[in-house]
Amino acid sequence: MSNYHIKHLEEYYQVYRKSVRNPEGFWEEIAEEHFLWRKKWDNVLSWDFSKPEVKWFEGAQLNITENCIDRHLATRGEKTAILFEPNDPKEAAQHITYNELHKRVNKFANVLKAQGINKGDRVCIYLPMIPELAVSVLACARIGAIHSVVFAGFSSTALSTRINDSDCKMVLTSDGSYRGAKTIDLKGIVDEALESCPGVKNVLVAKRINSDINMVSGRDQWLQPLLDNASEHCEAEIMNAEDPLFILYTSGSTGKPKGMVHTTAGYMVYTAYTFKNVFQYRENDVYWCTADIGWITGHSYIVYGPLVNGATSVMFEGVPSYPDFGRFWDIIQKHKVNQFYTAPTAIRALAKQGAELVEKYDLSSLKVLGSVGEPINEEAWHWYNDNVGKRNSPIVDTWWQTETGGIMISPIPYSTPTKPTYATLPFIGIQPALMDENGDELKGNQVDGRLCIKFPWPSMARTIWGNHQRYKETYFSAYENKYFTGDGALRDEVGYYRITGRVDDVIIVSGHNLGTAPIEDAVNEHPAVAESAIVGFPHDVKGSALYGYVTLKDTGESRNHDNLRKEINQIITESIGPIAKLDKIQFTSGLPKTRSGKIMRRILRKIAQKDTGNLGDTSTLLNPEVVQEIMDNVL
Ligand code: PRX
């Protein structure tokens, strides 16, 4: 028997050693015993990071939805698979059982087929956190269509870029969404986006807010009548292990967003195994991850990982502040949540509201607390531990990425002693390496470097959609034969890892990955703007916030700076989404540049962070005088 469920630290080390000494043997044993295969593999792993090419379980055939749903029906048919908690607490929660999920996914899958969607076609899903989102993801997987979920907070421009990049044939959306006391016109955003997406032939619209929307004849249809008429039986498409399961976009430091491609078998095995262990999920536990399915956390740890394990996964439509800041704790009490997985930015926002709001609720069901998306600062860690976990529920600070598909570094609760701000130990099968400036691996402990992974793991992204060369350059070129994460990390005296943050031009704002280049492009679209540079600065709730330095074309023009700031943020909202708005905008007569014309972001970053004690040598700059001006006017 494989050690599917790790229960103490000795066992972790033992299994870890086994997974590293013989990765193929290890993953084969896990895959053999815990999943439903239509055909087993011929070869567990083949890989070559120089191409790069990675294949897991080659030759195997399966359908992930048979693993998520069908195989539970005999034993867990009436168990709740998805527990939907609506935005408005007065609206009843929905307990969608595995039996019901089976019916709903099959019906949806039949609708997709009837609309002409075939295996391998891309379907864009732009839906709020309502059951149709999870169901449509699974319906795509059922028929072998590749889903590309776009977070429903992205703007129409961001949406159309993503639709066109992967050439989606269809968009699934809703008449609108609830967000606390507000409603958002999602269909209007889709209509705008589709003005520049000639490849989209069909739009299916779920009804959520009952708003009176415009339906384009010949293109748009209401979803419900189609579902009502569809059969409950849909044979699962048999997929090869390495067939793409989904595309999910993530920001890079330059250029357009990268459509990370995840494939079927390895992704399934790894997300299921990590879910079971990182959350110590037991039958009858109620697990809740507060992420949106529009992000990788929702894909792997609301939908696939939990459902493959036959878990009950809570799906929350709303926001932590509605109707008040006690909402999370109210949901934990109401549904007796056992594992709660959220982001540091949410923890900081809730901590600001004081502990009284937490104390009103019975949180005694909690067994494990999770954190993901950005480094968790010590204060937030302690607040979470003291007030939510009552020092009784270990915190799993889970480090991973859209690209990694699953959790890579994390404590195993009740096994790994936790340490504030440390993601602690590599998960089973994960071989991290810290690299120095010369490209050499730092051996031993108490070292600080750039975080790489030196051996493939089953759920790694296989490519960037339509651009394998970019995949190679971004992740496999910085260090030979290693996957480069873009993060810095240190390893302490016992081998625990602490992630220190991005080492590239990606800034993590409220747990959202934002590349500076596309935001600068948006700012530069403003007719009055000559040039801009965006950096991050520390923010007590968001972790990092965005600081923009902007030079104007005509500095003599006495335009109202506050209006300009509003206009710039409006352009950003339209081209990316409100999450990318700048918190501070400083107008300056120039940006510090090297003699070759490169903007010195290092200096701008230090000024924005009010860390100007050691700016380094500025004398080699083309325009050193501008540095003083910027420092004098810093916001
Ligand atoms: O910088 C790391 C940070 O988030 C980045 C990945 O972002 P994304 O692809 O959007 O996926 C987020 C959810 C998995 C990483 O490169 N990050 C994620 N988790 C942590 C973290 N930084 C520190 N600690 C974490 N636990």
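As the structure is a computational prediction, the values presented were derived from the model and not from experiment. (Residues numbered from 1 in each chain as written. Predicted model: local features only at pLDDT ≥ 70, side-chain atom pairs only at ≥ 80, totals over all residues. Heavy atoms only, no water.)

Quick word on helix α8 (residues 186-194)
- Regarding α8, the residues found buried are L186, K187, V190, D191, A193 and L194. Down the axis of α8, the buried side of the element spans an arc of 165°, and every buried residue falls inside it.
- Packed against the buried residues of α8 are α7 (156-165), β8 (170-174), β9 (177-179), β10 (182-184), β11 (202-206) and β12 (220-222). (Buried < 20%, exposed > 50% of the residue type's maximum accessible area, 1.4 Å probe, protein only. Helix = DSSP H or I, 4+ residues; strand = E, 2+ residues; numbered from the N terminus. Arc of directions from axis to C-beta. Contact = heavy atoms within 4.5 Å.)

Considerations on the sheet that holds strand β16 (residues 286-289)
- The strand order across the open sheet built from 7 strands is β5-β4-β17-β16-β18-β19-β20, with neighbouring strands paired in mixed fashion. The open sheet has two edge strands, β5 (94-97) and β20 (395-398), and neither has a second partner. Neighbouring strand axes in the sheet, compared pairwise and without regard to direction, differ in orientation by 20° on average.
- Sheet topology places strand β4 (residues 80-85) next to β5; 4 bridges connect them, and they run antiparallel. Residue T80 lies in a different strand from β5, and its bridge partner there is T97.
- Along the sheet face, helix α6 (residues 131-143) touches β4, β5 and β17 (312-316) and points at about 125° away from the line of β17.
- Of the strands in this sheet, β4, β16, β17 and β18 (339-342) touch helix α12 (residues 327-335), which is tilted by about 145° from β4. (Pairing = 2+ DSSP bridges. Axes fitted to C-alpha atoms, helices over the stretch in contact; angles between N-to-C directions.)

Things to note about the packing of aromatic side chains
- Counted by the stated rule, this structure contains 48 aromatic pairs.
- Between Y267 and Y304 the ring centres are 5.6 Å apart and the planes differ by 85°, which places this aromatic pair in the edge-to-face class. Of the two residues, Y267 is situated in helix α10 (residues 264-278) and Y304 in helix α11 (residues 296-308); the sequence distance between them amounts to 37 residues.
- Under the relative-accessibility criterion, Y267 is labelled buried at 1%.
- Arranged with centres 5.8 Å apart and planes meeting at 85°, the rings of W288 and F316 form a pair that is edge-to-face. Linking W288 in strand β16 with F316 in strand β17, this pair joins segments that are 28 residues apart in sequence.
- For F316, a relative accessible area of 5% gives the class buried.
- Sitting over the face of the ring of F154, R162 holds its NZ or CZ atom 4.2 Å from the ring centroid.
- We note K207 situated over the ring of W222; from NZ or CZ to the ring centre the distance is 4.5 Å. (Phe/Tyr/Trp six-rings, centres within 6.5 Å; stacked < 30°, edge-to-face > 60°. Lys NZ or Arg CZ within 6 Å of the ring centre and 35° of its normal.)

What about the sheet that holds β8?
- Sheet architecture is open: 8 strands sit in the order β12-β11-β8-β6-β7-β14-β15-β24, paired in mixed fashion. Because the sheet does not close on itself, it has two edges, and the strands there are β12 and β24 (463-464).
- Alignment of β11 against β12, held across 3 bridges, turns out to be parallel. The residue bridging V203 from the neighbouring strand is D220, located in β12.

As for the site of the ligand
- Near the ligand lie 18 residues; those nearest to it are D397, T398, T402, D487 and R502.
- With respect to the ligand, the backbone of G373 contributes an N or O atom lying 3.1 Å from a nitrogen atom.
- E374 has a polar backbone atom sitting 3.3 Å from a nitrogen atom of the ligand.
- For the ligand, the protein covers 96% of the area, taking 540 Å² as the surface of the free molecule.
- Sorting the residues of the shell around the ligand by element identifies α11, β20 and β26 (497-502) as the ones contributing at least two each. (Near = heavy atom within 4 Å. Polar contact = N/O pair within 3.5 Å; in protein donor to acceptor, adjacent residues only side chain to side chain. Areas by Shrake-Rupley, 256 points an atom, 1.4 Å probe, with all protein chains shown as cover.)

Concerning the side chain of H5
- Turning to its location among the elements, H5 is positioned in the segment before α1 (9-21).
- Looking at H5, its side chain comes within polar contact range of the side chain of Q280, at 3.3 Å.
- Setting aside anything within four residues of it in sequence, one finds H5 in contact with E11, K276, N277, Q280, Y281 and R282.

Structural notes on unusual backbone geometry
- Of the consecutive residues K51 and P52, the connecting peptide bond is found in the cis state with omega at -15°.
- Summarising the element assignment, P52 is placed in the loop between β1 (43-48) and β2 (53-58).
- That bond from Y322 to P323 is cis: its omega, -5°, falls within 30 degrees of zero.
- The phi angle at T424 is positive, at roughly 65°, despite the residue not being glycine.

Brief notes about the pairing of strand β14 (residues 244-250)
- Counting buried positions over the 7 residues of β14 gives 6, a clear majority of the element.
- Where strand β7 (residues 146-149) meets β14, 2 bridges bridge the pair, whose relative direction is parallel. Paired with S148 across the strands is I247, a residue of β14.
- Relative to strand β15 (residues 258-263), β14 runs antiparallel, the two sharing 6 bridges. Opposite T250, over in β15, you have K258 as the bridge partner.

Regarding the UniProt feature "domain: AMP-dependent synthetase/ligase" (unreviewed entry) in the chain
- The UniProt entry lists residues 70-462 under the feature "domain: AMP-dependent synthetase/ligase" (unreviewed entry), expressed in the numbering used here.
- As annotated, residues 70-462 has a helix share of 30% and a strand share of 22%, and its two end C-alpha atoms lie 27 Å apart. (UniProt positions renumbered as here; feature names shortened; annotations may be inferred.)

Details of the environment of C452
- If you trace the backbone, C452 turns up in strand β23 (residues 447-453).
- C-alpha of C452 to C-alpha of E32: the two residues are 420 residues apart in sequence and 29 Å apart in space.
- Once you skip the residues sitting within four places of it in the chain, C452 turns out to touch Q431, P432, A433, M435, Y479, K482, Y483, F484 and T485.

What to know about the pattern of salt bridges
- Across all of its chains, the model carries 36 salt bridges by this definition.
- The salt bridge partner of E283 is R76, with a shortest N-O separation of 2.7 Å. You can see E283 sitting in the loop between α10 and β16 and its partner R76 sitting in helix α4 (residues 73-76), a full 207 residues away along the chain.
- The closest approach of N and O atoms between E403 and K258, which form a salt bridge, is 4.0 Å. Here E403 is found in the loop between β20 and β21 (432-435), whereas its partner K258 is found in strand β15, with 145 residues between them in sequence. (Salt bridge = Lys/Arg side-chain N within 4 Å of Asp/Glu carboxyl O.)

Observations concerning the domain arrangement of the chain
- Looking at the assigned domains, one finds that the chain contains domain 1 (9-319 + 394-489) and domain 2 (510-633).
- Each of domain 1 and domain 2 was reduced to a C-alpha centroid, and the two centroids are 34 Å apart.
- With 13 residues of domain 1 at the contact, the number on the domain 2 side is 14 residues.
- Where domain 1 abuts domain 2, roughly 810 Å² becomes buried across the two surfaces, and 52% of that area is made up of carbon and sulfur atoms.
- Its largest share of buried area at the contact with domain 2, domain 1 owes to S155, S251 and W295, together 38% of the area lost on that side.
- At the boundary of domain 1 with domain 2, the tally comes to 0 salt bridges.
- There are 6 residue pairs in polar contact (both at pLDDT 80 or more) connecting domain 1 and domain 2.
- Among the elements that make up the side of domain 1 that touches domain 2, the one with the highest residue count is α7 (3 residues).
- Considering only residue class, the side of domain 1 that touches domain 2 consists of 3 nonpolar, 10 polar and no charged. (Domains from an automatic or database assignment. Buried area = accessible area lost by both parts, 1.4 Å probe. Nonpolar A, V, L, I, M, F, W, Y, C, P; charged D, E, K, R; others polar.)

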